[in-house]
Structures are given as C-alpha cells and as structure tokens.
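A structural walkthrough
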Amino acid sequence: MARPVDSGGGEFRGARERLVETLREKGIRDLSVLRAIEMTPRHNFVPTGLRHRAYEDAPLPIGNGQTISQPWVHARYLELLELKGTEKVLEIGTGSGYQTVLLSHLVAQVFSIERIAALAQQAREAIQRAGARNVNLSIGDGTVGWREYAPYDAILVGAGAPAIPQPLVDQLAEGGRLLVPVGDREEQQLVVVQKKDGKVTTRDIAPMRFVPLLGSHGWGIDEGR
Ligand code: SAH
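Residues numbered from 1 in each chain as written. Predicted model: local features only at pLDDT ≥ 70, side-chain atom pairs only at ≥ 80, totals over all residues. Heavy atoms only, no water.

A few points about the overall build of the protein
The number of helices and strands found in the protein is six helices and nine strands. A compact globule built from 225 residues would reach a C-alpha radius of gyration of about 17 Å, and the protein, at 17 Å, matches this within 12%. Expressed as lengths along the three principal axes of its C-alpha atoms, the size of the protein is roughly 60 × 35 × 35 Å. For the protein, with 225 residues in total, the buried portion stands at 50%. (Helix = DSSP H or I, 4+ residues; strand = E, 2+ residues; numbered from the N terminus. Rg over C-alpha atoms; globule rule 2.2 N^0.38 Å. Buried < 20%, exposed > 50% of the residue type's maximum accessible area, 1.4 Å probe, protein only.)

Here is the structure:
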C-alpha cells in the first residue's frame, strides 16, 4: 500500500486541530486566523528534533539563538490586525517563516525581512514547501522597513524594540496598523500604532517577551544580547 505523503496534513492533523481548540479556549475568536493555523504545518517550521512538540502552545528554539513564537502570540497578533484579505503587509523578523505563511493565507501580499541569512534561507525553503506564492523575502535590517514597496496596510514586528522604529511608522499606509513589542530586553509591552486621518495613535495591549530587535532603529548589536 502506498504511504501518503505528508503534505501538511497526515500524521499531525489531529494535533493541529487540538492546537486550534486550545487557542479558541484561550480567547482567539477570529475564524480566518484559526483556519490559517489549521491549514499551516507548524512542524515544518521547527527543527526536526522538536517536531513532536510543534503543536504545543509554546515557543521553541529555531537555531541562531532565536525562537519561533508561541502560537497564541501569532494568533493574537493576526487578530489585532483585523485583516480583510486585500492588504499588503510587512513582517520584520521572518524567523522560522511560520507567521509569514499564516499571513500569506490572510492577506494579498506579504513582504518579510530577516537579519540572519541562515534563518532566512531555512524559512525560504519552508515557505516554498508550504506552497505560499504571495511572499517576498529580504535579508537585512528590518528596522528601516522596506521602502521600495511602502506604504503597508499592516506591519508586524516579531522582536522586542527599545522604542517604536520611526521608519516603520513612516511606511504605514493611511488607516494602517503597526504591531511592535516595546520595552527592555527582558519584557515588552505589545503596542498597536494606528495611522488615521494622518494622525498617529498608540495603544498598549499586553506584556510579552520577545528576542531583541537588533538594528539601526532597534538595539545595538552588543546591547541586545
Ligand atoms: N515570527 C517569527 C519570530 C522569530 S524571532 C517566528 O515565529 O518564527 C524574531 C526574529 O527577528 C529573529 O529571527 C531575529 O533574527 C529577527 N530580527 C531581529 N532583529 C531584526 C531586524 N532588525 N531585522 C530583521 N529581523 C530581525
């Protein structure tokens, strides 16, 4: 008998359904976000030795001192953006590429920047394997944004910043939202920045813990460690 190829379903489907149920119990309500999580094989975005833990609601190490965020954090981020499906979005900190693929299901175009080339390469392969076609990746300092394709309807920063990076505010479209964790190296406050009628407002959401955002509008390379 032919063995089914694991194209993202297969052996992990039950675990993924249980993760979606856990997220629902923890208060995630946006059905399109829950559906994106149900469709995305998180086990392909973690190191092989950690695959058995891929559907726990926990962050996991992905190498180079970085982590794939906890699924609840990704779900909360995506829910806060109130996406319609037509957006052009910029992600800072591709990391594993998992959130990049969730975004690819939820918006029209995804641009994502990662500063560590080795992670960007791994992410590129995992994103391709997931079949996402509307994703553009770049290696470099995401704190300066990606001017070429600006403005963006939404910008997500997946690492903790000492302050809101001004270039990202500048590259936000009218009516757009920027999510960025701001604080010290140990703990940050997730902030939503909104641009409406040319005015910029900020709102604190919840305390979170992220790896540091390193770059010209982030932590200095030595400070961040
Ligand atoms: N959402 C990702 C988060 C990865 S951790 C995931 O769940 O996989 C945050 C990532 O931000 C790390 O890979 C880190 O290398 C990257 N990063 C930190 N500072 C950056 C910068 N200035 N520009 C781009 N990426 C950055």
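Topic: helix α4 (residues 98–106)
By the criterion of burial, α4 is predominantly enclosed, with eight of the nine residues buried. Listed in full, the buried residues belonging to α4 are Tyr98, Gln99, Thr100, Val101, Leu102, Leu103, Ser104 and Leu106.

Focus: the site of the ligand
Near the ligand, the surroundings consist of 24 residues, among which Ser69, Ser96, Glu114, Gly142 and Leu214 are the closest. Contact between the ligand and serine 96: an oxygen atom at 2.7 Å from a side-chain N or O atom of the residue. With respect to the ligand, the backbone of leucine 214 contributes an N or O atom lying 2.5 Å from a nitrogen atom. Alone, the ligand offers 570 Å² of accessible surface; in the complex the protein occludes 99% of this. Elements that contribute at least two residues to the shell around the ligand include exactly β2 (66–68) and β4 (109–114). Residue contributions to the shell around the ligand peak at three residues, all from β2. Per-class residue counts for the shell around the ligand are nine nonpolar, 12 polar and three charged. (Near = heavy atom within 4 Å. Polar contact = N/O pair within 3.5 Å; in protein donor to acceptor, adjacent residues only side chain to side chain. Areas by Shrake-Rupley, 256 points an atom, 1.4 Å probe, with all protein chains shown as cover. Nonpolar A, V, L, I, M, F, W, Y, C, P; charged D, E, K, R; others polar.)

Observations regarding the side chain of threonine 94
By the element assignment, threonine 94 lies in the loop between β3 (88–92) and α4. Threonine 94 has contacts with Thr100, Ser112, Ile113, Glu114, Ala123, Ile127 and Leu137, leaving out every residue within four places of it along the chain. (Contact = heavy atoms within 4.5 Å.)

Describing the environment of glycine 27
Checked against the element boundaries, glycine 27 lands in the loop between α1 (13–25) and α2 (31–39). Residue glycine 27 is classed as partly exposed on the basis of its relative accessible area, which comes to 35%. Sequence separation between glycine 27 and proline 165 is 138 residues; the distance between their C-alpha atoms is 30 Å.

Examining the nonpolar core
By size, the foremost hydrophobic cluster in this structure holds 47 residues, and its most contacted members are Ile37 and Ile127. Judged by nonpolar contacts, the second largest core, of 19 residues, contains Val157, Leu168, Val169 and Leu213. (Core = buried A, V, L, I, M, F, W, Y, C linked by side-chain atoms within 4.5 Å.)

Here we look at the sheet that holds strand β5 (residues 135–139)
Across the sheet, which stays open at both edges, the seven strands sit in the order β5-β4-β3-β6-β7-β8-β9 with mixed pairing between neighbours. Strand pairing shows two members of the sheet lacking a second neighbour, β5 and β9 (199–208), which therefore form its edges. Strand after strand, the sheet turns through a mean of 15° between neighbouring axes, direction not considered. Sheet topology places strand β7 (residues 172–183) next to strand β8 (residues 188–196); seven bridges connect them, and they run antiparallel. Note that in β8 the partner of valine 182 across the bridge is glutamine 189. Strand contacts of helix α5 (residues 117–129): β4 and β5, with the helix running at about 165° to β5, the strand carrying the most contacts. (Pairing = 2+ DSSP bridges. Axes fitted to C-alpha atoms, helices over the stretch in contact; angles between N-to-C directions.)

Here we look at unusual backbone geometry
Peptide bonds are trans in most cases, and residues, glycine excluded, mostly fall at negative phi. Proline 151 follows alanine 150 through a cis peptide bond whose omega is 5°. Among the structural elements, proline 151 can be located in the loop between β5 and β6 (152–157). Even without being glycine, glutamate 82 reaches a positive phi, approximately 45°. Within the secondary structure, glutamate 82 sits in the loop between α3 (71–80) and β3.

Considerations on the confidence of the model for the protein
Predicted confidence across the protein gives a mean pLDDT of 94, with 95% of residues reaching 70 or more. Below pLDDT 50 for its whole length, residues 1–8 participates in six contacts with residues either more than four positions away or in separate chains. (pLDDT = per-residue confidence, 0-100.)

Some thoughts on the packing of aromatic side chains
Under the criterion given, the structure shown has seven aromatic pairs. Ring centres of tyrosine 77 and phenylalanine 210 lie 5.9 Å apart, and the angle between their planes is 50°; this geometry places the pair in the tilted category. Of this pair, tyrosine 77 sits in helix α3 while phenylalanine 210 is found in the segment after β9, placing the two residues 133 residues apart along the sequence. Here the two residues tyrosine 77 and phenylalanine 210 agree in accessibility, since each one is buried. One aromatic cluster is present, built from ring pairs that chain together Phe111, Trp146, Tyr149 and Tyr152. (Phe/Tyr/Trp six-rings, centres within 6.5 Å; stacked < 30°, edge-to-face > 60°.)

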